[in-house]
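# Summary of the model geometry
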Amino acid sequence: MKTTISQVANHLEKTVTIGAWLSNKRSSGKIAFLQLRDGTGFMQGVVVKSDVLEETFQIAKGLTQETSIYVTGKIVEDTRSKFGYEMQVSNIEVIHESHDYPITPKEHGIEFLMDHRHLWLRSKKQHAVMKIRNEIIRSTYNFFNENGYVKIDPPILTGSSAEGTTELFHTKYFEEEAYLSQSGQLYMEAAAMAFGKVFSFGPTFRAEKSKTRRHLIEFWMIEPEMAFVTHEESLEIQENYVSYIVKSVLDNCQLELDILERDVTKLEKITAPFPRISYDDAISLLKEKGFTDIEWGEDFGAPHETAIAEDFDKPVFITNYPSDIKAFYMKPVADRPEVVLCADLIAPEGYGEIIGGSQRIDDLDLMKERYEQHGLTGPEYEWYLELRKYGSVPHSGFGLGLERTVAWISGVDHVRETIPFPRLLNRLYP
Ligand code: 4AD
Ligand code: MG
């Protein structure tokens, strides 16, 4: 019977066939240990010379890395491996022989691995990171579906900028100029006025000349938007959502976290509520920590975020930033208009900002004023103003960057390993 590595627990003591690749091998004169992978998992197959046909043992001994095979054998428990099972191989059928596979079990440099990303994805560690990414996506859909949100897909090709004009990717749209979406937010605001609670999940593009371990040119964002929800209420949704996905990964990706040697005790502490610190207090804290030249009104860089986060073992909200360093659509605090109703959620352990969110301006005149200040003119922005004209309501939303969240939960250093085919400042290949 044909099955997969993920299903072998259901076939204990039975003989099954698995389509697999050979990821590694060890053999002596009498026994061969085959490290098998089939996409669903990794498992060891043991070929004992005295138990199989001579021909089968010779095939096993000659197998090269990444050769594809149908391997048949009995599934038995293996208490020495974390996976818990292995196969007592009785037959091997070669599908396709692989020669000179470039990624050998020895260490390779990062640029070499990135050039071979199409193959590197097969490795155990990369497989684990992608499985965790998948679990975060799966639990995101669960969370928002369970809480009555409607999934809405904003456009990717847009005529207007959502987050600032300097980081836009320009493209031709027949005779017109278009941009690749930086954020679906403006469209999600329209959707919230039609459906109440909505969320999106899609690719976003930023032509940022940043070459850091937190920046991608193309990344995926989850953007919920809620009508009749204030900034404070939005923070509660954010902390519930983030703790929900962390718990889902802890519950469903134990093997993957183990492969990545993630310290799960740190993740187990991630439960709502999360601490909040105002921008004002964050400035004071930074000064105490020796960042003497940071002044009120300046934006935080990665070292500042890391310094603030190290005081907490949960993600921390930094709230009420100065209006001047934030996007045009954020609602000012009532009695203090120089700061806005917003928060960035900073992940622990130096992973930086994973969420940016705010309550949105709902007053038509104030929004018009902001447009003028930011030079956002032209008919392509008109529709957004109309949302403030026909039954405007308080509303809030946020964007969670998937790759930074995957990096944090998986414990990998750089976002380039958290997306299947990263687009970086110097990389459009493979
Ligand atoms: O803070 P940002 O720019 O917020 C927005 O785009 C809002 N319109 C979202 C909203 O309110 N609907 O981006 C949100 C998140 C960041 O916190 C970060 O996690 C991620 O997107 N992000 C990036 N991730 C990888 N590479 C980049 N270059 C990123 N830029 C932002
Ligand atoms: Mg931000």
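What counts and how
Residues numbered from 1 in each chain as written. Chains lettered and ligands numbered in written order. Predicted model: local features only at pLDDT ≥ 70, side-chain atom pairs only at ≥ 80, totals over all residues. Core = buried A, V, L, I, M, F, W, Y, C linked by C-beta atoms within 7 Å. Buried ≥ 20, exposed ≤ 12 C-beta atoms within 10 Å, placed from the backbone. Helix = DSSP H or I, 4+ residues; strand = E, 2+ residues; numbered from the N terminus. Contact = placed C-beta atoms within 7 Å. Near = placed C-beta within 6 Å. Nonpolar A, V, L, I, M, F, W, Y, C, P; charged D, E, K, R; others polar. Pairing = 2+ DSSP bridges. Domains from an automatic or database assignment. UniProt positions renumbered as here; feature names shortened; annotations may be inferred.

## Some points on the nonpolar core
Core analysis: the biggest nonpolar cluster contains 68 residues, and Ile 132 and Ile 318 have the highest contact counts within it. Ranked by the residues each element gives to this core, the list is headed by helix H6 (residues 231–252), at 7 residues. Aside from chain neighbours lying at most four places away, what touches Ile 132 is Val 249, Cys 253, Glu 256, Val 406, Ile 409 and Ser 410. Residues Leu 22, Leu 34, Met 43 and Ile 69 belong to the second largest nonpolar core, which totals 22 residues.

## What to know about the site of ligand 1
Lining the immediate surroundings of ligand 1 are 23 residues, of which Ser 183, Gln 185, Gly 356, Gly 399 and Gly 401 lie closest. The greatest single-element share of the shell around ligand 1, amounting to 5 residues, is contributed by strand E18 (residues 352–359). Across the shell around ligand 1, the residue classes break down as 8 nonpolar, 8 polar and 7 charged.

## Focus on the pairing of strand E12 (residues 218–227)
Within E12, 8 of the 10 residues are buried, which leaves the element mostly enclosed by the surrounding structure. Pairing between strand E11 (residues 197–205) and E12: 9 bridges, direction antiparallel. Residue pairing in the sheet places Lys 197 in a bridge with Met 226 of E12. For E12 and strand E19 (residues 395–401), the ladder comprises 5 bridges, and the chain directions are antiparallel. Residue pairing for E19: Glu 225 is matched across the bridge by Gly 397.

## Description of the domain arrangement of the protein
Assigned domains of the protein: these are domain 1 (2–96) and domain 2 (117–417). Computed over C-alpha atoms only, the centres of domain 1 and domain 2 are separated by 44 Å. At the junction of the two partners, domain 1 supplies 4 residues and domain 2 supplies 4 residues. A class-by-class count of the residues in the side of domain 1 that touches domain 2 yields 2 nonpolar, no polar and 2 charged.

## Quick notes on the sheet that holds strand E10 (residues 176–180)
The strand order across the open sheet formed by 3 strands is E8-E10-E9, and the pairing between neighbours is antiparallel. Each edge of the open sheet is held by one strand with a lone partner, namely strand E8 (157–158) and strand E9 (170–173). Bridge count between E8 and E10: 2 bridges; the pairing is antiparallel. Bridging across to E10, Leu 157 finds its partner in Leu 180.

## Let's talk about the UniProt feature "domain: Aminoacyl-transfer RNA synthetases class-II family profile" (unreviewed entry) in the protein
Annotation from UniProt places "domain: Aminoacyl-transfer RNA synthetases class-II family profile" (unreviewed entry) at residues 130–430. Between the C-alpha atoms that bound residues 130–430 the distance is 17 Å, and the span itself is 35% helix and 22% strand.

## Quick notes on unusual backbone geometry
Look at the link from Ala 272 to Pro 273: it is a cis peptide, with omega at 0°. Checked against the element boundaries, Pro 273 lands in the loop between helix H8 (264–268) and strand E13 (276–278). For the peptide bond that leads from Tyr 429 to Pro 430, omega is 0°, which places it in the cis range. With respect to the helices and strands, Pro 430 occurs in the segment after helix H13 (402–410). Even without being a glycine, Asp 100 presents a positive backbone phi close to 55°. Mapped onto the secondary structure, Asp 100 falls in the loop between strand E6 (85–96) and helix H2 (110–115). You will see that Phe 174, though not glycine, has its phi angle at about 55°, which is positive. Tracing the backbone through its elements, the reader meets Phe 174 in the loop between E9 and E10.

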